[in-house]
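# Observations on the model geometry
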Amino acid sequence: MALQVELVAADRSVWSGEATLVRARTAEGDIGIMAGHEPILAILAPGEVAIQGSGSAGLTATVTGGFFSVDHDKVTIVAEQVEVAAGSGTR
């Protein structure tokens, strides 16, 4: 079972695809999301977002804030600014 993940910045789509794990920092602390996670809506704190791709390269990025939503194995991350780490894949 995989997650459908979309990471967007205010000015562009950064990454979308299937993933097995998404890690991020929220205003309430670090969170890890896998398939089957309960729905959540959280404020995204400045820090690192790591997406472990399902059968393909994932992504590690630094974000400056925004929000994080999980519903029915769909993860949406909307960040004010996103800087992709060197060597991370984008799609």
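Refer to the structure above for everything that follows.
Quick look at the structure, then. Model, not experiment: these values are computed from the prediction.

## Description of the pattern of salt bridges
For the coordinates displayed, the defined rule picks out two salt bridges. Its salt-bridge partner being Asp 11, residue Arg 12 comes within 3.3 Å of it at the nearest N-O pair. A relative accessible area of 37% places Arg 12 in the partly exposed class. By relative accessible area, Asp 11 is classed as exposed at 63%. The salt bridge partner of Asp 30 is Arg 25, with a shortest N-O separation of 2.9 Å. By relative accessible area, which is 40% here, Arg 25 ends up partly exposed.

## A word on the environment of His 72
Here His 72 lies in the loop between β7 (66-71) and β8 (74-79). On the basis of relative accessible area, His 72 is assigned to the exposed category, the value being 71%. Taking the C-alpha atoms as reference points, His 72 and Leu 3, separated by 69 residues in sequence, lie 8.7 Å from one another.

Conventions adopted
- Residues numbered from 1 in each chain as written.
- Predicted model: local features only at pLDDT ≥ 70, side-chain atom pairs only at ≥ 80, totals over all residues.
- Heavy atoms only, no water.
- Salt bridge = Lys/Arg side-chain N within 4 Å of Asp/Glu carboxyl O.
- Buried < 20%, exposed > 50% of the residue type's maximum accessible area, 1.4 Å probe, protein only.
- Helix = DSSP H or I, 4+ residues; strand = E, 2+ residues; numbered from the N terminus.

Function cannot be read off these values alone, since they describe shape.
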